[in-house]
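What follows is the residue order along each chain.
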Amino acid sequence: MEYLSRLDDFTKDASSFSSVRYDEIESFRIRFLGKKGIIAELFAEFKNLPPDQRRQYGQKINTLKKLVQSRHRQLLKKLSGNKQVHGNDDLTLPGDPVFSGSHHPVSIIRNEIINIFFRLGFSVSEGPEIEDDLHVFTKLNFPPDHPARDMQDTFFIEKNIPVNVTKDILLRTHTSSVQVRVMEKQKPPIRTISPGRVFRNEAISARAHCIFHQVEGLYIDIDVSFAQLKQTLLYFTREMFGSGTDIRFRPSFFPFTEPSAEMDISCLLCGGKGCNVCKYTGWLEILGCGMVDPNVLETNGIDSNIFTGFAFGMGVERIAMLKYQINDLRLYFENDLRFLEQFATHI
Ligand code: DAH
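Residues numbered from 1 in each chain as written. Predicted model: local features only at pLDDT ≥ 70, side-chain atom pairs only at ≥ 80, totals over all residues. Heavy atoms only, no water.

(A) How the structure looks around the overall build of the protein chain. A tally of helices and strands in the protein chain yields 12 helices and 10 strands. Viewed in the frame of its principal axes, the protein chain has a C-alpha envelope of about 120 × 50 × 35 Å. Counting every position in the protein chain, which comprises 347 residues, the buried fraction comes to 42%. Within the protein chain, counting contacts between residues at least 6 apart in sequence, those at least 24 apart form 67% of the total. Surface exposure of the protein chain reaches about 19200 Å², of which carbon and sulfur atoms provide 51%. Here the protein chain carries 42 positive and 43 negative side-chain charges, and the mean point of each set is 11 Å from the other. (Helix = DSSP H or I, 4+ residues; strand = E, 2+ residues; numbered from the N terminus. Buried < 20%, exposed > 50% of the residue type's maximum accessible area, 1.4 Å probe, protein only. Contact = heavy atoms within 4.5 Å. Areas by Shrake-Rupley, 256 points an atom, 1.4 Å probe, with all protein chains shown as cover. Lys, Arg positive; Asp, Glu negative; His and termini not counted. Charge placed at Lys NZ, Arg CZ, Asp CG, Glu CD.)

(B) Main features of the sheet that holds strand β2 (residues 130–132). The sheet built from three strands is open, its strands ordered β2-β4-β3 with antiparallel pairing. Either end of the sheet is taken by a strand with one partner, and the two such strands are β2 and β3 (156–158). The average undirected angle you get between the axes of adjacent strands in this sheet is 35°. Looking at chain direction, β3 and strand β4 (residues 169–171) are connected through two bridges and run antiparallel. Bridge pairing in β4 links F156 to L170. (Pairing = 2+ DSSP bridges. Axes fitted to C-alpha atoms, helices over the stretch in contact; angles between N-to-C directions.)

(C) The site of the ligand, seen in detail. In the vicinity of the ligand, 16 residues are found, and the nearest of them are H174, S176, R200, Q214 and E216. Between F312 and the ligand, the recorded distance is 3.4 Å, taken from a backbone N or O atom to an oxygen atom. Burial of the ligand by the protein chains amounts to 91% of its free accessible area of 350 Å². Looking at the shell around the ligand, the elements that each hand over two or more residues are α7 (176–185), β6 (211–221), β9 (283–292) and β10 (308–315). (Near = heavy atom within 4 Å. Polar contact = N/O pair within 3.5 Å; in protein donor to acceptor, adjacent residues only side chain to side chain.)

(D) Layout of the domain arrangement of the protein chain. Split into domains, the protein chain comes out as domain 1 (2–89) and domain 2 (105–127 + 189–346). Each of domain 1 and domain 2 was reduced to a C-alpha centroid, and the two centroids are 74 Å apart. (Domains from an automatic or database assignment.)

(E) Fine view of the environment of L329. Note that L329 resides in the loop between α10 (316–324) and α11 (331–334). Ignoring sequence-local partners within four residues, the contact set of L329 consists of S205, A206, R207, A208, H209, E317 and M321.

(F) Spatial organisation of the pattern of salt bridges. The final tally for this structure, using the stated rule, is 16 salt bridges. Here E239 ties to R119 by a salt bridge, and the two come within 2.5 Å at their closest N and O atoms. Within this pair, whereas E239 is found in helix α8 (residues 226–241), its partner R119 is found in helix α5 (residues 105–119), the two being separated by 120 residues in sequence. Classification of E239 as partly exposed rests on a relative accessible area of 37%. Each of R248, R250, D264 and E285 takes part in one network of salt bridges that share partners. (Salt bridge = Lys/Arg side-chain N within 4 Å of Asp/Glu carboxyl O.)

(G) Examining the packing of α5 against α10 more closely. Contact geometry for α5 and α10: axes closest at 9 Å, N-to-C directions at 100°. Classified by the angle between their axes, α5 and α10 sit roughly perpendicular to one another. Contacts from P105, V106, I108, I109, R110, E112 and I113 in α5 reach V316, E317, I319, A320, K323 and Y324 in α10. (Parallel < 35°, antiparallel > 145°, perpendicular 65-115°, else oblique.)

Written as structure tokens, this is what we have:
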């Protein structure tokens, strides 16, 4: 009868018990509800009672059992809400998988471009995404009413007619604007690349997007030549796409370079034989370049009788597309993990 005489004390114990530790709550459960616990002992003694007392004690023991069960449930619920560490957790269970993340392909390629030019002694410079007409067009030799301004569909924040070079505010359509910013601040020799986001008012499709990334290059010094431009871009191409890659230049037009060219690389898929990626030409277009127009040097305070320079601009998405064989620009912006996870090993 030892346990039965303490029934009221047990009831008090159970209702006053409290803890925020899983191991203590578990000990409480085992102490009362375990196989050799208090409730089991109480029931074991119960059958020795005289029959007329059994009903009363039976009810009391059941009440105690329910009290312990609900107290136990309450404390556990509070605990999981508190996110306390469970002292009794099964430490042999495998951990929850944590995806450690991966760099976006655009970041991977941008960093690779930066590293290649860094090895050639180029610094990195940046400029604002919200620009004025002066830096995006005028100081790059785009005349006020020249159709060259229509080459790029511009998102204007403020637009005046006629053009007001400092009041017309827009999202930069190319990173060539950073050339101007650098020339304003720095005297030659200048050897810099400018990675950044650019914006164009384009309908979004597999081949065009209104936001993309460019890397601009600028080298100004005494006796900078077109031959140096070619050699620099050949080095870049072979570092980026492999030592067997060839380049070719086609004459082109940009207002800020004279002469201007577009550069193609030999097709990465067919090596120049012709396939549907290079549209059976054997070549893939990757960047624009040229010798900095003397007008641009002069407008930006650099003496074109002493200095010459070359410049180039490339699209980062385009290079990543060629390198990873990505066939839809929109994939870059959707942030679909099934796409992004494929670059996890490239960190
Ligand atoms: N800014 C040009 C574009 O967005 C690319 C470019 C072409 C940049 C020739 C240059 C260059 O610096 O010399 O299409």
